[in-house]
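Report on the structure
Read off the chains here:
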Amino acid sequence: HRRFDYRPKTDPYCQARYTFCPTGSAIPVMKEEDVIEVYRLQAPVWEFKYGDLLGHLKIMHDAVGFKSSLTGKNYTMEWYELFQLGNCTFPHLRPGMDAPFWCNQGAACFYEGIDDAHWKENGTLVLVTTISGTMFNEMAKWVKYDNETGIYYETWTVQASPDKQSIVWFDSYECSKFILRTYQKLADLGAVFKKIQTNYTSIILFSGEPIYLGNETSIFGPLGNKTLAAAIRDFYYPFKPYRTVREFFVDLLKIIDRVILNGQFYLFYNLEYWFLPMKYPYLKIIYEEVPLPIGSKASVGV
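Just so we're clear, the structure is a prediction, and the values are computed from it rather than from any experiment.

With that out of the way, let us pick up unusual backbone geometry. Across the junction of Tyr280 and Pro281, the peptide omega takes the value 5°, indicating a cis bond. Within the fold, Pro281 resides in strand 11 (residues 272–289). Unlike most non-glycine residues, Cys21 shows phi in positive territory, near 50°. Along the chain, Cys21 falls in the segment before strand 1 (35–44). For Cys21, a relative accessible area of 16% gives the class buried.

Looking at where Lys31 falls in the secondary structure, it is placed in the segment before strand 1. Judged by its relative accessible area of 56%, Lys31 falls in the exposed class. Taking the C-alpha atoms as reference points, Lys31 and Trp102, separated by 71 residues in sequence, lie 41 Å from one another. Contacts of Lys31, omitting those with residues within four sequence positions, involve Leu70 and Gly133.

We now examine the state of the cysteines. Tallied over the entire structure, the rule returns two disulfides. Each sulfur in the disulfide pair Cys14 and Cys103 lies 2.1 Å from the other. Since a negative S-S torsion denotes a left-handed disulfide, the Cys14-Cys103 link at about -85° is left-handed. Taken together, the residues span a long stretch of sequence, with Cys14 in the segment before strand 1 and Cys103 in the loop between helix 2 (84–89) and strand 4 (106–112) at a distance of 89 residues.

Along the polypeptide, Thr201 turns up in strand 8 (residues 199–207). Polar side-chain contacts of Thr201 include one of 3.0 Å to the backbone nitrogen of Met60. The contacts of Thr201, once residues within four sequence positions are left out, are Lys58, Ile59, Met60, Glu174, Ser176, Ile285, Ile286 and Tyr287.

Taking 1.5 Å per residue as the helical rise, helix 5 (residues 175–188) with its 14 residues ought to reach 20 Å, and the 20 Å between its terminal C-alpha atoms agrees with that figure. Across the 14 residues that make up helix 5, a large majority, 10, are buried. Cys175, Ser176, Lys177, Phe178, Ile179, Arg181, Thr182, Tyr183, Leu186 and Ala187 are the residues of helix 5 that are buried. Note on helix 5: the residue one or two positions beyond its end, Gly190, has a positive phi of about 115°.

Before going further, it helps to examine the side chain of Asn87. Relative to the elements of secondary structure, Asn87 occurs in helix 2. Overall, Asn87 belongs to the buried group, its relative accessible area being 14%. Here the side chain of Asn87 touches Phe83 through a polar contact of 2.6 Å, landing on its backbone oxygen. Apart from residues no more than four positions distant in its own chain, Asn87 is found in contact with Gln15, His92, Trp102, Cys103 and Asn104.

Attention shifts here to the nonpolar core. In terms of nonpolar packing, the biggest core is built from 29 residues, with Phe66, Met77, Ile131, Phe136, Phe178, Tyr183 and Phe193 touching the most fellow members. Mapped by element, the contributors of at least two residues to this core are strand 1, strand 2 (60–68), strand 3 (74–81), strand 4, strand 5 (124–132), helix 4 (133–149) and helix 5. Residues in contact with Phe66, not counting those within four places in the same chain, are Ile36, Glu37, Val38, Lys73, Asn74, Tyr75, Met77, Phe110, Ile114, Phe136 and Met139. Core analysis: the second largest hydrophobic core is formed by 28 residues, Phe90, Trp102, Phe220 and Phe265 among them.

Here we come to the domain arrangement of the chain. How big an interface is tends to be reported as the loss of accessible area on association of its parts. As assigned here, the chain comprises domain 1 (35–201) and domain 2 (211–280). Relative placement of domain 1 and domain 2: their C-alpha centres are 28 Å apart. Buried surface at the junction of domain 1 and domain 2, summed over both partners, amounts to about 1600 Å²; 76% is from carbon and sulfur atoms. Here domain 1 and domain 2 share four residue pairs in polar contact (both at pLDDT 80 or more) between them. Here the side of domain 1 that touches domain 2 is composed, by residue class, of 11 nonpolar, one polar and three charged.

Counted under the stated rule, the structure contains 27 aromatic pairs. Here the aromatic rings of Trp79 and Tyr153 are separated by 5.9 Å at their centres, their planes lie at 10°, and the arrangement is stacked. Here the residue Trp79 occupies a position in strand 3, and Tyr153 occupies one in the loop between helix 4 and strand 6 (156–159), the gap between them amounting to 74 residues. Tyr153 matches Trp79 in its accessibility class, with the two residues each being buried. Aromatic side chains Phe90 and Tyr236 sit 6.5 Å apart centroid to centroid with 65° between the ring planes, which places their arrangement in the edge-to-face category. A residue pair is termed long-range when its members are at least 10 positions apart, and Phe90 in the loop between helix 2 and strand 4 and Tyr236 in helix 7 (residues 226–236) qualify at 146 residues. Residue classification places Phe90 among the buried residues on the basis of a relative accessible area of 15%. Exposure remark for Tyr236: the relative accessible area of 2% places this residue in the buried category. In textbook terms, an aromatic cluster arises when at least three aromatic residues are bridged by ring pairs, as seen for Phe90, Trp102, Trp156, Phe220, Phe235, Tyr236, Phe239, Phe265, Tyr266, Phe268, Tyr273 and Phe275. For Arg94, the ring lying beneath its charged end belongs to Tyr13, and the centroid distance is 3.7 Å.

What counts, and at which threshold
- Residues numbered from 1 in each chain as written.
- Predicted model: local features only at pLDDT ≥ 70, side-chain atom pairs only at ≥ 80, totals over all residues.
- Heavy atoms only, no water.
- Helix = DSSP H or I, 4+ residues; strand = E, 2+ residues; numbered from the N terminus.
- Buried < 20%, exposed > 50% of the residue type's maximum accessible area, 1.4 Å probe, protein only.
- Contact = heavy atoms within 4.5 Å.
- Disulfide = S-S within 2.5 Å.
- Polar contact = N/O pair within 3.5 Å; in protein donor to acceptor, adjacent residues only side chain to side chain.
- Expected span 1.5 Å × (residues − 1).
- Core = buried A, V, L, I, M, F, W, Y, C linked by side-chain atoms within 4.5 Å.
- Domains from an automatic or database assignment.
- Buried area = accessible area lost by both parts, 1.4 Å probe.
- Nonpolar A, V, L, I, M, F, W, Y, C, P; charged D, E, K, R; others polar.
- Phe/Tyr/Trp six-rings, centres within 6.5 Å; stacked < 30°, edge-to-face > 60°.
- Lys NZ or Arg CZ within 6 Å of the ring centre and 35° of its normal.

Here it is, written out as structure tokens:
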């Protein structure tokens, strides 16, 4: 997943149904001698609206919590879409614009407090390690860098097959990947993690070797490929937000026809378009273990 030099301003056209990070605050500077508990947080996606519904499908959202021993204050840190999942996964086809229009930025959110009920009721709230205030402050600097350079949300992991040793053509870039990067940074700083099982959700597309198609300018620009441009727009059209039940089922049939019967998928990744020759089982949601990182022995006394 490519890193960028800076985060571009978002277009006013991109609107969120739910405000991004409504109570967000700056990451505080901790005293060096502070001892901070680090918690693994996980709950079903959209738990606030649908309860445990998506939890039954193991579609989970991940975050990390902190508790300062000196102040007693709790904090939550997570990374998610600025304009909700649908906008990150599929573009808008705007009138008068040839190229699909994407609202696909993601970002970190930090705020005071841990909503115990939210994480415990249908998910996980468990202590995974303890760090010093110095480690926390170093992690905060890394979060700023990570947030300014890793700016686009990517829903899909794309693999050659369901086999565990399979080639990964494209890796996702979403909430769980941010948490895994955070844990790794803490391990690099000397944190020692508990030996507990940690599982994460991945939404996987299965494809033969992807075919590079070009970027927005080379496909949709004045000298672009009009046939390819039309094919990409046509592919994304059925994924638009739905207005009626009938529209939903008509578009669903089109999606099944393209993706499964004809084995076609157009992926937008790192601001470039790729063609995926889809193959069985086409799509799978998995909830698999990714072990906590191994910390440095030098930090046992923390």
